[in-house]
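The lines below spell out each chain.
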Amino acid sequence: MPTFFNYPFHSNGFVPHGHCYLWQTGLVSLHIISDATIALAYYSIPFLLIYFISKRKDVPFNGVFVLFGAFIIACGTGHLMDIWTLWHPDYWIAGSLKALTAIISIYTAFALFYLMPQALTLPSPAQLEAINRVLSTEIVERKRIEKELRIAEEIAQNSSQAKSEFLANMSHELRTPLNGILGYTQILQRTESLSEKGRKGLSIIYQCASHLLTLINDVLDLSKIEARKLELYPVDFYLPAFIDSVTEICRIKAEQKVIAFHIELDPDLPTGIHADEKRLRQVLINLLSNAMKFTHQGSVTFKVEVIGQESNDNGKTNYKIRFQVIDTGTGITPEQADKIFQPFEQVGSQKRQSEGTGLGLAISQKIILLMGGQIQVQSEFGKGSTFWFEAKLPESKDWAKVSRVVEQGTVIGYQGQRRTILIADDKWENRSVIVNLLEPVGFTVVEASNGQEAWVQFLAKKPDMIITDLVMPILDGFELINRLRQSGPFKEIPVIASSASVFAADQHKSIDVGADAFLPKPVEAETLLEMLRQFLHLEWIFDGKVDAIQKNQAGGLDQENEIISPANEVLQQLLELVQDGDIQKILELTEQLSASDDRLRVFVQQIVQLASNFQLKRLETFIQQYIN
């Protein structure tokens, strides 16, 4: 061994390898060609292994491939060394190379020994084929199941759609006779002199028809909830007036039952909020009505308080408000408390159960869940109940200063010139309700049984307003409204779409094509009169005040001719505020105008009326006519 380190390249005393072949040219050439070819073949294998490793880095045996490459390179180099030693007897180097090759081969063998169990776990081609067949079968089965699920989902959707359409159509058919019942009940209550017994009878008819309408609406709401189509439509509104309107309804019920009704309002409540006014009113009236229904003595308390507030990214404040209804009524047991929010579940005596469908709380709970809260109940049987929920409601500072219209008596007329109303409806009973509601008040009512006839009547009579049904033969309400809005001279004529349809799409579509408002059937007299007041800028004459008003009128008074407008600079300022949609500043400016000059009172009243009802397009036209 020391000799190897001392003389690795010394060839003295050794005979070249080629001498062993006695210099037979053919034999020497054979060895040279064979060793060179083997070496070349050996060297090509590592390059292929390196290429494979670079492309398949996920293979778990890359280390073994490197060892195999080193082993093969060493073997190839040994064959080249055999060619070298034909003429140069450097056998120490050749031996050392063989020793290195032996070490690499032993290391590779040990690596293979440890990797062999892992390699044996790899699936064979036959196993892979079997796995592929199983996977193919599973894929086919999965696709079959997915197809069946899609078909089942389509069937369910079609069934849900069919149910919704059936309920909507049934509602439409039920609302049509209800329109006649409720309409003529209101007409008789307003126009006929009846005995006490007759008034009570009419009141019972109206209450029963209203109750039936409520039941229809409850079933439709439940259908929308089940189909996940119940949506919230938040608006800005004046919270004190909203609470006042809710409590006024319930105060009457409390007086009828001779029970106390207390209202506790937090002084920190916001003035305006952004929420779905209709749905929030529906929930509160339901909770208060239930409290009134099950309270025979004692009191009902309605409590509204702010329990938290935070600023949002827009600089506005989000209020967390708790609405609470506390009663001293019959109360419910814990078992009943678990079921009252389920559809068609009712508690209490059989007599009380007959007063509803058991849908009110179920629908109310769904609405509050959409608002991000939950109705909760705490009750003690025989002592009373407390229902409450909390909702996060953004503050609104852009609400209009709308004064709530209070009941001043029965409307028997209006100031100013006689107005003409065109009513288009294919059902005579619906037209008759409108005619008998409006003619006694002083309107001229023109009738049409379809859209085409309404168009002809419109061109002939030039009415001040049109009330049209949506579904009519020959020319329907949508086409009639669209035709009116496309005709230049009649673009500004107020149009009210009226229908018993419960599809929100129909209501939105009527507004989109140009209707100014939507009047649902059955028609409520107060709602209709309020729309007339808004769009025709009327000032009502109430029963008992005729003489006083007649004294202030001198013949056929036409208010519009007496309007005095402010200076052009003020008109321009108002026009810019209207175009910006800044209702708050419009109302503030009109308040200043009214205080500065009493002659502008009528002009200011017109501005306030239009602005308070968000009739910005009409307000802009009204101001521009005085600028021009």
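Check the entry above for the structure.
Keep in mind that what you see is a predicted model, and the values were worked out from it rather than measured.

Parameters and conventions
Residues numbered from 1 in each chain as written. Predicted model: local features only at pLDDT ≥ 70, side-chain atom pairs only at ≥ 80, totals over all residues. Heavy atoms only, no water. Helix = DSSP H or I, 4+ residues; strand = E, 2+ residues; numbered from the N terminus. Contact = heavy atoms within 4.5 Å. Axes fitted to C-alpha atoms, helices over the stretch in contact; angles between N-to-C directions. Parallel < 35°, antiparallel > 145°, perpendicular 65-115°, else oblique. Left-handed = near helix turned anticlockwise from the far one by under 90°. Phe/Tyr/Trp six-rings, centres within 6.5 Å; stacked < 30°, edge-to-face > 60°. Buried < 20%, exposed > 50% of the residue type's maximum accessible area, 1.4 Å probe, protein only. 1 Å grid on protein atoms, 1.4 Å probe; cavity = no way out; pocket = protein on both sides within 12 Å on 5 of 7 lines; lining within 4 Å. Points joined across faces, edges and corners; volume = space filled by probe spheres on them. Nonpolar A, V, L, I, M, F, W, Y, C, P; charged D, E, K, R; others polar.

(A) How the structure looks around the environment of I321. By secondary structure assignment, the location of I321 is in strand β5 (residues 317-327). For the pair I321 and G308, spaced 13 residues apart in sequence, the C-alpha to C-alpha distance is 7.2 Å. When near neighbours in sequence (up to four residues on either side) are disregarded, I321 contacts L269, P270, V304, E305, V306, F389, E390, A391 and L393.

(B) Focus on the packing of helix α13 (residues 451-461) against helix α14 (residues 477-486). Taken N-terminus to C-terminus, the directions of α13 and α14 make an angle of 30°; their axes are 9 Å apart at the nearest point. Relative to α14, the element α13 lies roughly parallel. As for how α13 packs across α14, the hand of that crossing is right-handed. In this structure, α13 uses G451, Q452, A454, W455 and F458 to contact α14, whose residues at the interface are L480, R483 and L484.

(C) Inspection of the packing of aromatic side chains at higher detail. As enumerated under the stated definition, the model contains eight aromatic pairs in all. Measuring from ring centre to ring centre gives 6.1 Å for W455 and F458, while their planes differ by 25°; the resulting arrangement is stacked. Of this pair, W455 and F458 both sit in helix α13, three residues apart, roughly one helical turn. Take W455: its relative accessible area is 15%, and that puts it in the buried class. Judged by its relative accessible area of 1%, F458 is buried.

(D) Examining empty space enclosed by the protein more closely. Under the criterion given, the structure shown has two cavities of 30 Å³ or more. Here the largest cavity defines a volume of roughly 60 Å³. The wall of the largest cavity is formed by 13 residues, among which I423, D425, I434, S498 and K521 lie closest to the centre. Counting only elements with at least two residues in the lining of the largest cavity, the list comes to β9 (420-424), α12 (428-438) and β11 (465-469). Its residues assigned to classes, the lining of the largest cavity comprises six nonpolar, four polar and three charged.

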